Amino acid sequence: MSKMHLKLTVNGEAVETLAEPRELLIHVLRERLNLTGPHIGCETSHCGACTVDLDGKSVKSCTVFAAQAQGAEITTIEGLGNPDGLHVLQEMFKEHHGLQCGFCTPGMITRAWRLLQENPNPTEEEVRFGMAGNLCRCTGYQNIVKSILAAATEMNAAKEAAE
Amino acid sequence: MIPSSFEYHRPGDVAGAVALLSQLGEDARVIAGGHSLIPMMKLRMAALEHLVDLQDIDEMKGISVEAGRVRIGAMTTQHELLTSDVLAGAAPIVREASLQIADPQVRYMGTIGGNVANGDPGNDMPGLMQCLDATFTLQGPDGTRDVQARSFYEAAYMTDRADEEILTTISFDATDGGYAYEKQKRKIGDYATAAAAVLLTRDGGNCASASIAMTNLSDTPVWSEAAGAALVGTALDKAAVDAAVAAMLVDIDPTEDNRGPVAFKNHVAGVILDRAIARAWDRA
Ligand SMILES: Cc1cc2nc3c(=O)[nH]c(=O)nc-3n(C[C@H](O)[C@H](O)[C@H](O)COP(=O)(O)OP(=O)(O)OC[C@H]3O[C@@H](n4cnc5c(N)ncnc54)[C@H](O)[C@@H]3O)c2cc1C
Ligand code: FES
Ligand code: FES
């Protein structure tokens with residue numbers, strides 16, 4: 001089957017690549033664009049390890065065809081922070097032990113980022129409900145929730161200081 | 001988990017999509033949010049030559065309420081159903097049900113049209129739409145027609161929709177009175193072991209009208225007319241609620257699967273309906 005010319009904006013940069021329409025977005029990101037932050041946990045739409053932000057929505061990129069993403073704006077964990085400049089969420093996951101093996105973490109943080117854009121002052125219950133599409137087999141979630149709530153506080157304080 | 005190859009189309013309007021379906025025949029299928037279709041294609045339980053993506057069709061998006069009638073474009077996502085204040089005012093049961101569907105990521109992509117057109121007995125919206133007595137508007141090569149949700153479902157994955165028709169709009173009357181969507185599931189993101197949609201109105205101390213639909217307890221959603229009738233004119237005492245549950249149990253037809261044996265499903269269906277009626281009555 002012929003490949004299509006895929007044009008995307010990934011982490012703020014315009015990129016072009018060839019891909020078959022049936023390729024899953026997670027494979028395009030990892031194998032064609034070398035963005036290995038988003039992980040493949042289940043590949044069956046259940047675990048959320050592959051979560052990326054697509055046109056303002058948290059999506060499981062194992063359940064989106066490359067063709068559907070044509071023209072989309074995508075943010076992956078690589079677009080949120082890097083080892084020299086961690087995002088507040090990454091800082092807080094580090095500080096509050098929001099990870100153990102780290103496999104679920106890129107998906108967790110990318111999802112939490114969108115959650116905090118939509119609801120900058122979530123309650124603990126809202127965090128748990130909003131993170132229900134992301135599974136973690138290590139932490140028991142307690143410290144993930146703690147990290148996200150701490151990040152919300154930090155982000156709000158920074159916003160206030162800027163105003 | 002790689003699906004078979006297909007050719008991809010992205011028309012800009014309904015007419016274009018219908019034309020593609022007519023021209024490409026049975027090897028073509030529309031894709032909305034893809035969150036029922038893609039998992040099936042990855043398992044190769046569905047193999048299609050052509051996918052017609054509806055994402056660019058703006059005339060199929062949005063929610064409006066005019067003169068007491070709610071209209072929802074088929075491409076409206078479950079996330080949008082949850083965040084619409086207009087809809088929360090006109091038919092709060094839709095929000096209550098949407099909150100119990102899948103997880104946030106799935107709800108950002110999954111559409112109401114895909115959920116009701118899919119025909120999977122596990123989907124929550126078909127039963128909800130039967131409870132609301134919703135109308136589905138379908139557009140095909142010969143124009144548009146309306147079908148009631150209560151007569152749309154024929155068997156698992158079999159609906160009244162013809163292959164070259166597209167479901168464009170879902171409409172129903174705004175509700176008043178009490179409502180509840182109650183769902184028993186094994187975990188977040190799971191389909192129902194049993195779910196009940198209930199709408200009730202009150203006249204003084206008595207129930208004036210009742211509509212009851214059940215999900216995942218047969219190969220189609222089940223609108224139980226007899227269960228509703230058992231409540232009307234009563235004060236919803238225990239005898240009336242027990243009669244409604246008994247009538248519902250006659251109408252459903254669950255099968256044994258990994259959610260449990262038939263006796264268990266009947267039991268859960270009864271408990272869920274009992275709870276839904278109590279909650280709806282509280283709000284009536
Ligand atoms: C992990 C997970 C958990 C889930 N849990 C639930 C749950 O608890 N309850 C629930 O109800 N659903 C659940 N779903 C399904 C989800 O809600 C789907 O998004 C929904 O069933 C289908 O909507 P879609 O827009 O994704 O449709 P698609 O997958 O794109 O399409 C589904 C089918 O409908 C057809 N179709 C779509 N739109 C139209 C249209 N406008 N006209 C004609 N035909 C059309 C397609 O051709 C296809 O055959 C879950 C999904 C996942 C992945
Ligand atoms: S890899 Fe996509 S949800 Fe698990
Ligand atoms: S930290 Fe190991 S899966 Fe979450």
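Residues numbered from 1 in each chain as written. Chains lettered and ligands numbered in written order. Predicted model: local features only at pLDDT ≥ 70, side-chain atom pairs only at ≥ 80, totals over all residues.

### Overview of the overall build of chain B
What counts is decided by this rule: For helices the rule is a DSSP run of H or I covering at least 4 residues; for strands it is a run of E covering at least 2, with both sets numbered from the N terminus onward. C-alpha atoms define the radius of gyration in this analysis, and the globule rule sets the expected value at 2.2 Å times the number of residues to the power 0.38. Two residues qualify as being in contact provided that their C-beta atoms, derived from the backbone, are within 7 Å of each other.
From N to C terminus, chain B includes eleven helices and 14 strands. On C-alpha atoms alone, chain B measures out to a radius of gyration of 19 Å, which is about the 19 Å that the 2.2 N^0.38 rule sets for 284 residues. Taken along its principal axes, the extent of the C-alpha atoms in chain B is 60 × 45 × 35 Å. In chain B, 63% of the contacts between residues at least 6 apart in sequence involve partners at least 24 apart.

### Considerations on the interface of chain A and chain B
To keep things clear, this is the line we draw: Each residue is assigned to one class: nonpolar for Ala, Val, Leu, Ile, Met, Phe, Trp, Tyr, Cys and Pro, charged for Asp, Glu, Lys and Arg, and polar for all the others, Gly among them.
Contacts between chain A and chain B engage 23 residues on the former and 20 residues on the latter. With four residues, strand β4 (residues 57–60) of chain A is the single largest residue contributor to the side of chain A that touches chain B. The residue makeup of the side of chain A that touches chain B, split by class, is eight nonpolar, ten polar and five charged.

### A word on the site of ligand 1
Note the threshold: The criterion for a residue being near a molecule or strand is simple: its C-beta atom, placed using the backbone, must lie within 6 Å of it. In this document the domain limits rely on a domain assignment from an automatic tool or a database.
In the vicinity of ligand 1 there are 32 residues, among which A32, G33, H35, G110 and G114 of chain B approach most closely. Taken together, the residues near ligand 1 originate from chains A and B. Residue assignment for the shell around ligand 1 shows that the elements contributing at least two residues are β2 (28–31), α2 (37–42), α6 (104–109), α7 (112–118) and β10 (166–173) of chain B. Within the shell around ligand 1, the residues separate by chemical class into 16 nonpolar, 14 polar and two charged. For the shell around ligand 1, the domains that each give at least three residues are domain 1 (7–53) and domain 2 (58–173) of chain B.

### Section: the pairing of strand β4 (residues 63–66) of chain B
All names here are of chain B. Here is the rule: Only when DSSP finds a minimum of two bridges between them are two strands counted as paired.
The sheet contact formed by β4 and strand β5 (residues 69–73) spans four bridges and is antiparallel. Across the sheet, S64 pairs through a bridge with R71, a residue of β5. Here β4 hands over to β5 after two residues, with A67 in that stretch at a positive phi of 50°.

### Brief notes about the sheet that holds strand β3 (residues 51–54) of chain A
Residue and element names in this part refer to chain A. We apply this condition: A fitted line through C-alpha atoms represents every axis, and for helices the fit uses only the stretch in contact; the resulting angles, taken between N-to-C directions, go from 0 to 180 degrees.
Judged by pairing direction, the sheet is mixed, and its five strands sit side by side in the order β2-β1-β5-β3-β4 without closing on themselves. In this open sheet, the two edge strands, each paired with only one partner strand, are β2 (13–19) and β4. Across this sheet, the average inter-strand angle for adjacent strands is 40°, counted without regard to direction. Bridge count between strand β1 (residues 4–10) and β2: seven bridges; the pairing is antiparallel.

### Remarks on the domain arrangement of chain A
Where the parts come together, the accessible area they lose is often given as the size of the interface. Residues and elements named next belong to chain A. For chain A, the assigned domains read domain 1 (4–80) and domain 2 (88–162). Each partner contributes to the interface: domain 1 provides 15 residues, whereas domain 2 provides twelve residues. With three residues, β3 is the largest single contributor of residues to the side of domain 1 that touches domain 2.

### A word on the pairing of strand β11 (residues 178–184) of chain B
All names here are of chain B. Where we set the bar: Around each residue's C-beta, the other C-beta atoms within 10 Å are counted; 20 or more make the residue buried, 12 or fewer make it exposed, and counts in between make it partly exposed. All C-beta atoms are placed from the backbone.
Burial analysis of β11 places six of its seven residues in the buried class, which makes it a mostly covered element. The pairing of β11 with strand β12 (residues 194–203) spans seven bridges and is classified as antiparallel. Looking across to β12, one finds that E182 is bridged to A196.

### Some points on the environment of A49 of chain A
All names here are of chain A. Mapped onto the fold, A49 is located in the loop between α1 (25–32) and β3. Overall, the presence of 24 C-beta atoms within 10 Å leaves A49 in the buried class. When the C-alpha positions of A49 and S61 are compared, they lie 9.0 Å apart, and in sequence the two are twelve residues distant. Beyond its immediate stretch of four places on either side in the chain, A49 contacts H39, I40, G41, F103, C104 and G107.

### Some points on the nonpolar core
Just so we agree on the cut-off: Nonpolar cores are built from buried Ala, Val, Leu, Ile, Met, Phe, Trp, Tyr and Cys residues. These are joined into a set through C-beta atoms within 7 Å.
Among the nonpolar cores identified, the biggest contains 135 residues, and L128, V198, I212, M214, A244 and L273 of chain B are the most heavily contacted of them. Not counting residues within four places of it along the chain, the set of residues in contact with I212 of chain B comprises C131, A196, V198, S224, A227, G228, A244, M248 and L273 of chain B.

### Considering the domain arrangement of chain B
When the domains of chain B are assigned, the result is domain 1 (7–53), domain 2 (58–173) and domain 3 (178–283). For domain 1 of chain B and domain 3 of chain B, the distance between their C-alpha centres works out to 35 Å.

### Some words on the packing of helix α3 (residues 88–95) of chain A against helix α4 (residues 105–118) of chain A
All names here are of chain A. Applicable threshold: Just so you know how the angles are binned, under 35 degrees is roughly parallel, over 145 roughly antiparallel, 65 to 115 roughly perpendicular, and the rest oblique. Each crossing gets its hand from how the near helix is turned against the far one by less than a right angle, where anticlockwise is left-handed and clockwise is right-handed.
In the contact formed by α3 and α4, the axes pass within 10 Å of each other and the chain directions differ by 130°. By the angle between their directions, the pair α3 and α4 is classed as oblique. Where α3 crosses over α4, the handedness of that crossing is right-handed. Contact residues: L89, Q90 and F93 in α3; T105, I109, A112 and W113 in α4. Of the residues belonging to the contact of α3 with α4, the class tally is five nonpolar, two polar and no charged.

### Considerations on the sheet that holds strand β1 (residues 7–9) of chain B
Residues and elements named next belong to chain B. In space, the three strands of this open sheet follow the order β1-β3-β2, with parallel pairing throughout. Two strands close off the open sheet at either side, each with one partner strand: β1 and β2. Between one strand axis and the next, the sheet turns by 25° as a mean value, whatever way the strands run. Sheet analysis places β2 next to strand β3 (residues 50–53), joined by four bridges and oriented parallel. Bridging from a neighbouring strand, R29 pairs with L51 of β3.

### Some details on unusual backbone geometry
For H97 of chain A, which is not glycine, the phi dihedral falls at a positive 55°. Structurally, the position occupied by H97 of chain A is in the loop between α3 and α4. Of note in this structure, N216 of chain B is not a glycine but carries a positive phi near 65°. Its location among the elements puts N216 of chain B in the loop between β13 (206–215) and β14 (222–223).

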